[in-house]
Amino acid sequence: NKHVLNMEYTDVNTCFTELDVNKNLLDQLITELTGQLPPARQKIFIMSRREGKSHKEISTILGISESTVENQIGKALAFIRNGLNRYYDDEFSI
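Residues numbered from 1 in each chain as written. Predicted model: local features only at pLDDT ≥ 70, side-chain atom pairs only at ≥ 80, totals over all residues. Heavy atoms only, no water.

1. Re the side chain of S59
Here is step 1 of the chain: By the element assignment, S59 lies in helix α3 (residues 55-62).
Here is step 2 of the chain: Each residue touching S59, except ones within four places of it in the same chain, is listed here: I64, S65, E66 and V69. (Helix = DSSP H or I, 4+ residues; strand = E, 2+ residues; numbered from the N terminus. Contact = heavy atoms within 4.5 Å.)

2. With respect to the pattern of salt bridges
Here is step 1 of the chain: Applying the stated criterion across every chain, the model contains two salt bridges.
Here is step 2 of the chain: The salt bridge involving K23 is made with D27; its shortest N-O contact spans 2.7 Å. Of this pair, K23 and D27 both sit in helix α1 (residues 2-35), four residues apart, which is roughly one turn of the helix.
Here is step 3 of the chain: A salt bridge links K53 to E51; the shortest N-O distance between them is 3.5 Å.
Here is step 4 of the chain: With relative accessibility at 46%, the residue E51 sits in the partly exposed group. (Salt bridge = Lys/Arg side-chain N within 4 Å of Asp/Glu carboxyl O. Buried < 20%, exposed > 50% of the residue type's maximum accessible area, 1.4 Å probe, protein only.)

3. Observations concerning the nonpolar core
Inside soluble globular proteins, nonpolar side chains tend to come together where they are buried.
Here is step 1 of the chain: Within the largest apolar cluster, seven residues are counted, these being L29, L33, L37, F45, A76, I80 and L84.
Here is step 2 of the chain: Going through the elements one at a time, α1 and α4 (66-92) are the ones with two or more residues in this core.
Here is step 3 of the chain: A per-element tally of this core places α4 first, with three residues.
Here is step 4 of the chain: The contact partners of I80, leaving out residues within four places of it in the chain, are I30, L33, T34 and F45.
Here is step 5 of the chain: Listed in part, the five residues of the second largest apolar core include I44, I58, V69 and I73. (Core = buried A, V, L, I, M, F, W, Y, C linked by side-chain atoms within 4.5 Å.)

4. Re helix α2 (residues 39-49)
Here is step 1 of the chain: Listing the buried residues of α2 in full gives R41, I44, F45, M47 and S48. Buried residues along α2 cover an arc of 165° about the axis, so they all sit on one side. (Arc of directions from axis to C-beta.)

5. Here's the deal with the packing of aromatic side chains
Here is step 1 of the chain: Following the criterion strictly, the structure yields one aromatic pair and no others.
Here is step 2 of the chain: With centroids separated by 5.1 Å and ring planes inclined at 85°, the aromatic side chains of Y87 and Y88 adopt a geometry described as edge-to-face.
Here is step 3 of the chain: Under the relative-accessibility criterion, Y88 is labelled partly exposed at 29%. (Phe/Tyr/Trp six-rings, centres within 6.5 Å; stacked < 30°, edge-to-face > 60°.)

This is the structure:
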């Protein structure tokens, strides 16, 4: 019984280690893709996702409409999603 518990504990630790590695890779990929966005879109995306600013706050700070903020964030997310899909398709294609 003790051996089984140790094995399960090791498996859980391995699983968490793999999750940490995958999270770090995902964070790195998102950072790289964010860096490829046009400057204004990148700024809006960072203000929203990393700084936690609302669409209204961003629109006020940048002097643009909230709908422009929403549009730019949507385009940024689509670009990042497509980049991640391309990476994972290439990485795991057989």
